[in-house]
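If you want the building blocks of each chain, they are given just below.
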Amino acid sequence: MRLLVTGGAGFIGSEYVRMTLREHAEDSVVVLDKLTYAGNLANLESVRGDPRYRFVHGDIADAAIVGPLAAEVDVIVNFAAESHVDRSLEAPGQFIQTDVYGTYVLLEAALRAGHERFLQVSTDEVYGDVESGRSREADALRPRSPYSASKAGGEMLVWAYRASHGLPAIITRGSNTYGPHQYPEKIIPLFITNAIDDLPLPIYGDGSAVRDYLFVEDHCRGIDTALRTGEAGCDYNIGLGSEVSGLEVADTVLAALDKPAALKQPVRDRPGHDRRYALDTSRMRSLGWEPRVGFADGIRRTVDWYLANPSWWRPLKSGEFWEFYRRNYRRVTE
Ligand code: NAD
Ligand code: TYD
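The structure presented is a predicted model; accordingly, all values stated were derived computationally and were not measured.

Asks: What is the right way to read the sheet that holds strand 1 (residues 2-6) from this model?
Replies: To summarise the sheet geometry, strands pair through backbone hydrogen bonds and adopt either a parallel or an antiparallel arrangement. The strand order across the open sheet formed by 7 strands is 3-2-1-4-5-6-11, and the pairing between neighbours is parallel. Two strands lie at the open edges of the sheet, namely strand 3 (53-57) and strand 11 (235-238), each paired on one side alone. Put simply, the sheet's adjacent strands are angled 20 degrees from each other on average, direction ignored. Judged from the 5 bridges that link them, strand 2 (residues 28-33) and strand 3 form a sheet pairing that is parallel.

Structural data, given as structure tokens:
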């Protein structure tokens, strides 16, 4: 299979590229990535010399770049997105541009190229806040942040291209993902890198909101399983099935690094903070996929990776990072 992996220089996309080249000897991969603040070529360093891999610097919303690339490949796997809820509260425009308009450009290119598969990487956040029970794929989408609304918008275009044009597209809805190479703005890499430097861990509200944290390798194996064995036209939830609160994340990270509980710092809650996401993953499991890495094991591996790779994350925590950090946590503490 010849794959176009968009957003392949990001956290999950780069794991997917490394995994594909390692596990599918016949496959080739073109990465298209705009290299936003979250994109990082260091994530692809280990595959740089592989003749089956090529990197293209560009925007998924640019049809002049996407069209010719789509014609060279068999399938598009779309990871490219603006992906951070807090940034979407401050500046939603780029989320709409990439997550909605960019998805449209990719769908149109896939259709014109006659692709027999398209995979849209989406998120459990499109279901919105789930008070009780577990979200199933047929449930209504009720996004509540500009980020999740932009991801739901991208999904709806996928649905439209399936229904109107018969595009054989698959959507995966993964839960909160963590592991090596994650930009230190999401809770787990932020808390690990702050704790290493004895900086406070900012906990929104009372820290009781829960997420289903999924190790990045499990998420990527799920996407790959859906791509290769899933049914065209189907949506697939991918999650571990655990419910871990913000306070538990902080306690687990502090314990793993042997740091004091006093580093936990309550800050004002995020506006519109979704209290809980929870997925029913039986459809994914019926394809033979199941997660392999539990939360405790995954956190240990992730902490060890950040301890061993300061040269990867230290340069990221400078300049623009701290400007956003100050604005974001001032907004939430005022
Ligand atoms: P990330 O922010 O680490 O990476 C996004 C990548 O997309 C970056 O390399 C960035 O440069 C690139 N990109 C952004 N805009 C682009 C554009 N217009 N054109 C080309 N490239 C562009 O994100 P991630 O955490 O790796 O998430 C990847 C995908 O998985 C996203 O679609 C996200 O919505 C989804 N997802 C993420 C999580 C999570 O917890 N991180 C969970 C479920 C689903
Ligand atoms: P985050 O990693 O931003 O992912 P998302 O909001 O997309 O689920 O946040 C995960 C949870 O952690 C969420 O309940 C908000 C909380 N959180 C904090 O308490 N403090 C923080 O500094 C961050 C970034 C998140």
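Read on, since the account is not over.
Asks: Got a minute to help me understand the nonpolar core in this structure?
Replies: Considering soluble globular proteins, one finds that nonpolar side chains tend to be buried as a cluster. The biggest cluster of nonpolar side chains holds 33 residues, and the ones touching the most others in it are I188, F191, I192, V249 and F295. Going through the elements one at a time, helix 6 (187-196), strand 8 (201-204), helix 8 (246-257), helix 10 (295-308), helix 11 (310-313) and helix 12 (320-333) are the ones with two or more residues in this core. By residue number, the principal contributor to this core is helix 6, which donates 6 residues. Excluding residues that lie within four positions of it along the chain, V249 makes contacts with I187, I188, F191, Y213, V244 and F295. Counting residues in hydrophobic clusters, the runner-up holds 32 residues, among them L119, V216, C220 and L227.

Asks: It is not clear to me how the packing of helix 1 (residues 11-23) against helix 7 (residues 216-229) should be interpreted in this structure. Could you clarify?
Replies: Relative placement of two packed helices is described by the angle separating their axes and the distance separating the axes. Two elements in contact, helix 1 and helix 7, have axes whose closest approach is 9 Å; the angle formed by their N-to-C orientations is 65 degrees. Of the two possible hands of crossing, helix 1 and helix 7 adopt the one that is right-handed. Between helix 1, through F11, I12, E15, Y16, M19 and T20, and helix 7, the contact on the second element is made entirely by V216, E217, H219, C220, R221, I223, D224, L227 and R228. When its residues are assigned to classes, the contact of helix 1 with helix 7 shows 8 nonpolar, 2 polar and 5 charged.

Asks: Any chance you could explain the site of ligand 2 here in plain terms?
Replies: What surrounds ligand 2 is a group of 19 residues, the closest being E125, R211, R270, H273 and Y329. At 2.8 Å, a side-chain N or O of N176 approaches an oxygen atom of ligand 2. Contact with the protein chains removes 97% of the 510 Å² of surface that ligand 2 exposes when unbound. When contributions to the shell around ligand 2 are tallied by element, the ones reaching two or more residues are helix 6 and strand 8. Among the residues making up the shell around ligand 2, the classes are represented as 11 nonpolar, 3 polar and 5 charged. Two domains each provide a minimum of three residues to the shell around ligand 2, namely domain 1 (2-177 + 215-238) and domain 2 (180-211 + 242-277 + 293-325).

Asks: I tried to follow the site of ligand 1 on my own but got confused; where do I start?
Replies: Taken together, 29 residues lie around ligand 1, and I12, D33, Y147, K151 and T177 are the ones closest in. In this structure, F11 approaches ligand 1 through a main-chain N or O atom, which is 3.1 Å from an oxygen atom. Within the contact set of ligand 1, an oxygen atom lies 2.7 Å away from a side-chain nitrogen or oxygen of K151. In isolation ligand 1 has 840 Å² of accessible area, and contact with the protein removes 97% of it. Among the elements of the structure, helix 1, strand 5 (117-123) and helix 5 (146-165) are those that each provide at least two residues to the shell around ligand 1. Of the residues belonging to the shell around ligand 1, the class tally is 11 nonpolar, 14 polar and 4 charged.

How each quantity is defined
- Throughout, a residue's number is its position along its own chain's written sequence, starting from 1.
- As a convention, the first chain written is A and the first ligand written is 1, with the rest following in written order.
- Given that the model is predicted, a residue must reach a pLDDT of at least 70 before its local features are reported, and side-chain atom pairs must reach 80 or more before they are shown or counted; all residues, however, enter totals for whole chains, interfaces and linings.
- Hydrogens and waters are ignored; side-chain quantities use all the structure's heavy atoms.
- Strands qualify as paired when DSSP identifies two bridges or more between them.
- Per the convention used, a helix needs a DSSP run of H or I reaching at least four residues, while a strand needs a run of E reaching at least two, with both numbered from the N terminus.
- Axis geometry follows a simple rule: fit a line to the C-alpha atoms, using only the stretch in contact for helices, then measure angles between N-to-C directions, giving values from 0 to 180 degrees.
- To qualify as a nonpolar core, a set must consist of buried Ala, Val, Leu, Ile, Met, Phe, Trp, Tyr and Cys residues joined through side-chain atoms within 4.5 Å.
- A 1.4 Å probe rolled over the protein chains alone gives each residue an accessible area, and that area as a share of the maximum for its type sets the label: buried under 20%, exposed over 50%, partly exposed in between.
- Here, two residues are considered to be in contact whenever any of their heavy atoms come within 4.5 Å of each other.
- In this scheme the crossing of two helices becomes right-handed for a clockwise turn of the near helix relative to the far one and left-handed for an anticlockwise turn of less than a right angle.
- Each residue receives one of three labels: charged for Asp, Glu, Lys and Arg, nonpolar for Ala, Val, Leu, Ile, Met, Phe, Trp, Tyr, Cys and Pro, and polar for the others, Gly being one of them.
- Proximity is defined per residue: if any heavy atom of the residue lies within 4 Å of a molecule or strand, that residue is considered near it.
- Counted as a polar contact is a pair of N or O atoms within 3.5 Å, where, for protein atoms, one must be capable of donating a hydrogen and the other of accepting one, and residues adjacent in sequence contribute only when both atoms are in side chains.
- Reported accessibility uses the Shrake-Rupley method at a 1.4 Å probe radius. Residues are deemed covered only where the shown protein chains occlude them.
- Throughout the structure description, domain borders are defined by an automatic or database domain assignment.

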